[in-house]
Amino acid sequence: MKRYVCIAALLSTLASACREPMSVERFVPGDGPYTFLVDLGDTTAAYDFDLYTRVDADPESIRDLGELPLEMTWKAPSDSLYRETVYMPLQGRSSFFSRQVLVPYRADVRPYEAGAWALTAAIPDTAALPGLRGLGLVVTKHR
């Protein structure tokens, strides 16, 4: 009997380990534009999106960071495009020469179209930010 209990416990553990993660993230280094492929295949779920980055610069520049405009373009699986401009506040944990930023972008998003979406974030030419290391996206799925 003990043997069957152990096998059942092992199978239960293995089955739960095979589930898809509730959160995925990707960081794209460089100056951009930054493109993220986002799997929104489950239209019964809701998704939260957070943006993150790191800025390395001299202490005065780090102290004076305000916000960063981002031109966001969503491309649906049907090739429809949706555009908006958002302003990413550059507040976060700082050290002498660096600041790490993690901010919410959208919460409780429920896609009307299932499939692979592409999100492209671009920094306007007028808003260059020296020391920006790239941009990351965290996608959290919840029901």
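Structure: above.
Quick caveat: nothing in here was measured; it's all calculated off a predicted structure. (Residues numbered from 1 in each chain as written. Predicted model: local features only at pLDDT ≥ 70, side-chain atom pairs only at ≥ 80, totals over all residues. Heavy atoms only, no water.)

Caption draft 1: Local environment of the pattern of salt bridges. The tally for this structure, following the rule as stated, stands at six salt bridges. Ionic pairing is found between Glu84 and Arg106, a salt bridge with its closest N-O pair at 2.4 Å. Within this pair, whereas Glu84 is found in strand S5 (residues 81–89), its partner Arg106 is found in strand S7 (residues 98–109), the two being separated by 22 residues in sequence. (Salt bridge = Lys/Arg side-chain N within 4 Å of Asp/Glu carboxyl O. Helix = DSSP H or I, 4+ residues; strand = E, 2+ residues; numbered from the N terminus.)

Caption draft 2: The layout of surface pockets, seen in detail. Size it by volume and the second largest pocket reaches roughly 200 Å³. Taken together, Leu40, Phe49, Trp74, Tyr82, Glu84, Tyr105, Arg106, Val109, Arg110, Pro111, Tyr112 and Trp117 make up the full set of residues lining the second largest pocket. The set of elements that each furnish at least two residues to the lining of the second largest pocket consists of S5 and S7. Ranked by residue count, the leading element in the lining of the second largest pocket is S7, at three residues. Considered class by class, the residues forming the lining of the second largest pocket number nine nonpolar, no polar and three charged. (1 Å grid on protein atoms, 1.4 Å probe; cavity = no way out; pocket = protein on both sides within 12 Å on 5 of 7 lines; lining within 4 Å. Points joined across faces, edges and corners; volume = space filled by probe spheres on them. Nonpolar A, V, L, I, M, F, W, Y, C, P; charged D, E, K, R; others polar.)

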